[in-house]
Amino acid sequence: MRIRMRAAGLALAATGAVCVTGPAAAEPVALELDYRCNFPLMAGEPVVVRVTTDLPRRLAVGERMPPITLETADTVSAYAAKGLTTMYAATLEGTADASAVLTTPDGLRLPLTVPNVLEKAEIPKTGEFTVQSRGSTPGLVFDTPGEARITVGDLLLRLTPRDASGELTGLGTFESECVQVPGQNDVLAVIQVGDEPGPGGYTAKGSARIKAGSATLPLTGALDGGLTGGSFEGALTLDRTTGTFKALGFLPVTADALFTPAGPLTGTAAGETLTASVETHLSLPSARLFGLPIATGDCRTSAPARLDLRSSAFTAASGGTLTAAYTLPALAGCGLFTPLINGFTAGPGNTMTLTLKPA
């Protein structure tokens, strides 16, 4: 029997299939989350759950995404394992109901429950152990364009420990509620339905902190490019900016600064997590100490600095904030005061923050 349900731009199709096939190209997705689970006589035990699956990054409006197979690896603590073996448990099996929320392109939040079967696992006498499980979501059809998002929630475990002869232990079969530790990235996937935002790119706004000179430089600019499937690429341009540095720790130097990327910003996206890198020079077109110029010629870093940028909440439609820590190489070509300038610019411990918004 086939059941089909439509609600606010979403269609759910329940079938017996458990493999991902069809026209939508699927890519590997992984998410690791920390939980606190309540076991008999043990409350708040830590369990680490790693979810893996294959999901398409993009779907056409009205295109059916087949049922998705979710595979999880649940790592149970050594303390919980000791408690189970104390009750003569040698193996553990059962089921798990994983809660999730599907946010449709038009903003509707639909709660989902994904049933999983836990494979029988041997319980060691010492140390932690891992329980494998497998479950399947319904097939999906989205009727409106935009971004669909799948977030993972809490777990309800139904566990059956057995002794070495395969008989039930004194614990019988019990339920364990597992609550996700707050503050984690719980987004399993973001799926673009219909066309992504065009190549108009993003505006960029943020700041760069240069530790050696105790300077914070305001940044503005643009990124020409964006996400294509799970890849991110674009030409980053940053405007000339001005800041005040402290030379020798106390002398005020007012300088114009310019970050000039040496190549494109490239990276990958998994769910809402974006990692990207770019190499950039820093130049000081002018620098003045007590009004007197101290930078001459082509004053810039002798090699580009590498910025490894990361955002845990980036989407193609709304952008996000990227942060990076970086080291500035020594500057060269600055004239007589090059050593002084390097004293308030070059070195590690610098940071950059850029907020990208669709142009």
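See the structure shown above.
In this report, we go over the structure that sits alongside the text. (Residues numbered from 1 in each chain as written. Predicted model: local features only at pLDDT ≥ 70, side-chain atom pairs only at ≥ 80, totals over all residues. Heavy atoms only, no water.)

1. With respect to the overall build of the protein chain
Defined as follows: Note on conventions: DSSP H or I runs of at least 4 residues are helices, E runs of at least 2 residues are strands, and numbering of each starts at the N terminus. Just to be clear, the radius of gyration here is over C-alpha atoms, and the globule rule we use is 2.2 Å times residues to the power 0.38. Relative accessibility decides the category of a residue: with a 1.4 Å probe and only protein chains considered, values under 20% of the type maximum give buried, values over 50% give exposed, and everything between is partly exposed. Note on contacts: a residue pair is in contact if any heavy atoms of the two residues lie within 4.5 Å. Residue exposure ignores everything except the shown protein chains as possible cover, and the areas themselves are Shrake-Rupley values with a 1.4 Å probe. A residue counts as positive if it is Lys or Arg and as negative if it is Asp or Glu; His and the chain ends are not included. Lysine's charge is taken at NZ, arginine's at CZ, aspartate's at CG and glutamate's at CD.
Assigned secondary structure in the protein chain consists of two helices and 27 strands. A compact globule built from 359 residues should have a C-alpha radius of gyration of about 21 Å, whereas the protein chain, at 27 Å, is more than 25% larger. Here the C-alpha coordinates of the protein chain stretch approximately 85 × 50 × 25 Å along the principal axes. Across the 359 residues that make up the protein chain, the buried fraction comes to 47%. The contacts of the protein chain with a sequence gap of at least 6 include a subset with a gap of at least 24, amounting to 66%. Carbon and sulfur atoms provide 57% of the accessible area of the protein chain, an area that totals close to 16,700 Å². The average position of the 26 basic charges and that of the 32 acidic charges among the side chains of the protein chain differ by 6 Å.

2. Examining the state of the cysteines
Filter applied, for reference: A pair of cysteine sulfur atoms is labelled a disulfide when the two atoms are within 2.5 Å.
Applying the stated criterion to the full structure yields two disulfides. Between the sulfur atoms of Cys-37 and its disulfide partner Cys-178 the distance amounts to 2.0 Å. Handedness of the Cys-37-Cys-178 disulfide follows from its S-S torsion of about 115 degrees: it is right-handed. Here Cys-178 lies in strand β13 (residues 174-180) and Cys-37 lies in strand β3 (residues 26-39), a separation of 141 residues in the sequence. Across the pair, exposure class does not vary: Cys-37 and Cys-178 are buried alike. In this model, Cys-299 is linked to Cys-334 through a disulfide, with the two sulfur atoms separated by 2.0 Å. Torsion about the S-S bond of the Cys-299 and Cys-334 cystine: about 75 degrees, corresponding to right-handed handedness. Pair noted here: Cys-299 is in the loop between β22 (292-293) and β23 (300-301) and Cys-334 is in the loop between β26 (331-332) and α2 (338-343), with a separation of 35 residues, a long-range link. Here the bonded cysteines of the protein chain are numbered in sequence order, and their pairing is 1-2, 3-4.

3. A few points about the side chain of Thr-91
Checked against the element boundaries, Thr-91 lands in strand β8 (residues 91-103). Since its relative accessible area comes to 9%, Thr-91 is described here as buried. Those residues within four positions of Thr-91 in sequence are excluded, and the remaining contacts are Lys-120, Ala-121, Glu-122, Ile-123, Thr-160, Pro-161 and Arg-162.

4. Quick look at helix α1 (residues 78-86)
To be explicit about the condition: Note that the arc is defined by the directions from the helix axis to the C-beta atoms.
Those residues of α1 lying buried are Ala-80, Ala-81 and Leu-84. Buried residues along α1 cover an arc of 100 degrees about the axis, so they all sit on one side. The exposed set on the far side of α1, more than 90 degrees from its buried face, consists of Tyr-79 and Thr-86. Next to the buried residues of α1 lie β3, β4 (42-56), β7 (69-76), β8, β10 (129-136) and β12 (146-162). Positioned one or two residues after α1, Tyr-88 has a phi angle of 70 degrees, which is positive.

5. Regarding the environment of Leu-159
Structurally, Leu-159 is set in strand β12. Taking relative accessible area as the criterion, Leu-159 reaches 4% and is therefore assigned buried. The spatial distance from the C-alpha of Leu-159 to the C-alpha of Leu-356 is 46 Å, given a sequence separation of 197 residues. With near-sequence residues (within four places) excluded, Leu-159 lies in contact with Phe-39, Leu-92, Glu-93, Leu-118, Gly-172, Thr-173, Phe-174 and Ser-176.

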